[in-house]
Amino acid sequence: EKLTSADAINLEDQYGAHNYHPLPVVLNRGEGVYVWDVEGKKYYDFLSAYSAVNQGHCHPKIIGAMIEQAQALTLTSRAFYNDKLGIYEEYITKYFGFDKVLPMNTGAEAVETALKICRKWAYEKKGIPENEAQIIVCDGNFHGRTTTIISFSNDENARKNFGPYTAGFIKIAYDDLEALEKAITSSKNIAGFLVEPIQGEAGVYVPSEDYLAKAKALCKANNVLFIADEVQTGIARTGSLLAVCGNCTCENQCEKQSSYVTPDVLILGKAVSGGVYPVSAVLANNDIMNVIKPGQHGSTFGGNPIAAAVAMAALEVVSEEHLAQNARRLGKIFRTELAKYIETSNIATLVRGKGLLNAIVINDTEDSDTAWNICMKLAENGLLAKPTHGNIIRFAPPLVMTETQLSDCVSIIISTLKQFEK
Ligand code: PMP
């Protein structure tokens, strides 16, 4: 007997822990920019699993690499070497221009890894006493939901009643260089600055043009590690390979661009594997990465042969299909078209973003249901998006979208918003 959407929802509600708040759509197939629900209805995916499926659903090259590897060897743990990991490690470090990579599985795990590296580096290289290292983080941050990460989260729902919290974090305003300078110079024990180059979960906040470069300079001047969390913004999402690449149009990292900022520690996740398999990575140069010695960090699944094969194929797709350029070009069209509509709209007030990581602000309060209701209507009209707040809707389609598909989506979004005009 065929499972209906209602059946699937009932099962998840009854047997699954309530850790997410899903839109009531049950999907069972995806291809490129499209997904289908169990009743066969087709949708444009405008969330891409929170920016993981940048290469499009079920990309044949990535799936092919996964199947081929799954038939040969799936997991040995890092107890032994495997024939795929070193090849992938060489590829990803050269791709992003670092000496070394530490492979993990999820974004939050990679953030935890980066924090550990930073603390150990502070102890060994800066002489900060054990237990004294401080890491600066930003208001509105989202880095995951582990115990340490929620210790400095702004999301009260994710944080409250989960204490006691991990110490050693100083929170400052985002996009505020004065606050950063004050915090960096406030103590000898500042080890790092952890920042999202664009804040995704907060509602797609793009900082001022020179913020990242100047923040990096402040870090450098004070011997503090600049740690970029590109879990959501990386892998071509914002129209360059990394959001820290600024306005660089080349496909790979290019330090010649004046707006390029080299992080000391780079955190990647999500689209490293095209959303096909949990793969995350922390990249840094030897002087930083070598503070981690055998036995001090690791994970059974981190760097497994499937992860290595899948991530390598997924990164090749990003270059071969010019996804950064496409995201940049389509992003401009998207914001221009939405901005035109917003001029005369009384329901949408602002569109912002970079590349294909964008959001619109709805004319209602943060705790309203309006954005949710609009997303329900968008789903009815064949497009899946999710609010980040009651009045903000994020739009992040797969980067393999064509201009024709994008125009179709813009029409769906605008006609849906019109249904909510007051
Ligand atoms: N960092 C950022 C910037 C993110 O957006 C996310 C996920 N939305 C994470 C970390 C956590 O990644 P994961 O869900 O894979 O743990």
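Residues numbered from 1 in each chain as written. Predicted model: local features only at pLDDT ≥ 70, side-chain atom pairs only at ≥ 80, totals over all residues.

**Observations concerning the sheet that holds strand β15 (residues 392-395)**
Each strand in a sheet pairs with its neighbour through backbone hydrogen bonds, running either in the same direction (parallel) or in the opposite one (antiparallel).
Argument step 1. On the basis of which strands lie adjacent, the open sheet formed by four strands has the order β11-β12-β15-β14 and antiparallel pairing. Bordering the open sheet on either side are β11 (348-354) and β14 (386-389), each of which pairs with just one other strand. Taking the axes of each pair of neighbouring strands and ignoring which way they run, one obtains an average angle of 30 degrees across the sheet.
Argument step 2. Taken strand by strand, helix α13 (residues 370-380) contacts β12 (357-362), β14 and β15, and its axis lies near 170 degrees from that of β14. (Pairing = 2+ DSSP bridges. Helix = DSSP H or I, 4+ residues; strand = E, 2+ residues; numbered from the N terminus. Axes fitted to C-alpha atoms, helices over the stretch in contact; angles between N-to-C directions. Contact = placed C-beta atoms within 7 Å.)

**Describing the site of the ligand**
Argument step 1. As a structural note, the neighbourhood of the ligand is formed by 15 residues, with G107, A108, G144, V231 and Q232 the closest of them.
Argument step 2. Per-element tally for the shell around the ligand: the top contributor is helix α5 (residues 107-125), with three residues.
Argument step 3. Tallied by class, the residues present in the shell around the ligand amount to five nonpolar, seven polar and three charged. (Near = placed C-beta within 6 Å. Nonpolar A, V, L, I, M, F, W, Y, C, P; charged D, E, K, R; others polar.)

**Focus on the packing of helix α12 (residues 323-343) against helix α14 (residues 403-418)**
Argument step 1. Two elements in contact, α12 and α14, have axes whose closest approach is 11 Å; the angle formed by their N-to-C orientations is 25 degrees. One way to sum up the angle between α12 and α14 is to call them roughly parallel. Here α12 and α14 pass one another in a crossing that is right-handed. Between α12 and α14, the residues in contact are L330, I333, F334, E337 and Y341 and E403, L406, V410 and I414, respectively.
Argument step 2. Per-class residue counts for the contact of α12 with α14 are seven nonpolar, no polar and two charged. (Parallel < 35°, antiparallel > 145°, perpendicular 65-115°, else oblique. Left-handed = near helix turned anticlockwise from the far one by under 90°.)

**Some points on the domain arrangement of the protein**
Argument step 1. Entries for the protein in the domain assignment read domain 1 (5-55 + 323-418) and domain 2 (60-320).
Argument step 2. Relative to domain 2, the C-alpha centre of domain 1 lies at a distance of 26 Å.
Argument step 3. Taken together, the contact between domain 1 and domain 2 spans 26 residues of the former and 26 residues of the latter.
Argument step 4. Listing elements by their share of the side of domain 1 that touches domain 2, those giving two or more residues are α2 (48-51), α12, β11, β12, β14 and β15. (Domains from an automatic or database assignment.)

**Re the nonpolar core**
Argument step 1. By size, the foremost hydrophobic cluster in this structure holds 122 residues, and its most contacted members are C118, V265, I267, V282, V310 and A311.
Argument step 2. When residues of this core are assigned to their parent elements, the largest contribution, twelve residues, is made by helix α11 (residues 305-320).
Argument step 3. No fewer than three residues from each of domain 1 (5-55 + 323-418) and domain 2 (60-320) sit in this core.
Argument step 4. Dropping the residues within four chain positions of it, V310 is found in contact with I62, A65, M66, S273, V276, Y277 and V279. (Core = buried A, V, L, I, M, F, W, Y, C linked by C-beta atoms within 7 Å. Buried ≥ 20, exposed ≤ 12 C-beta atoms within 10 Å, placed from the backbone.)

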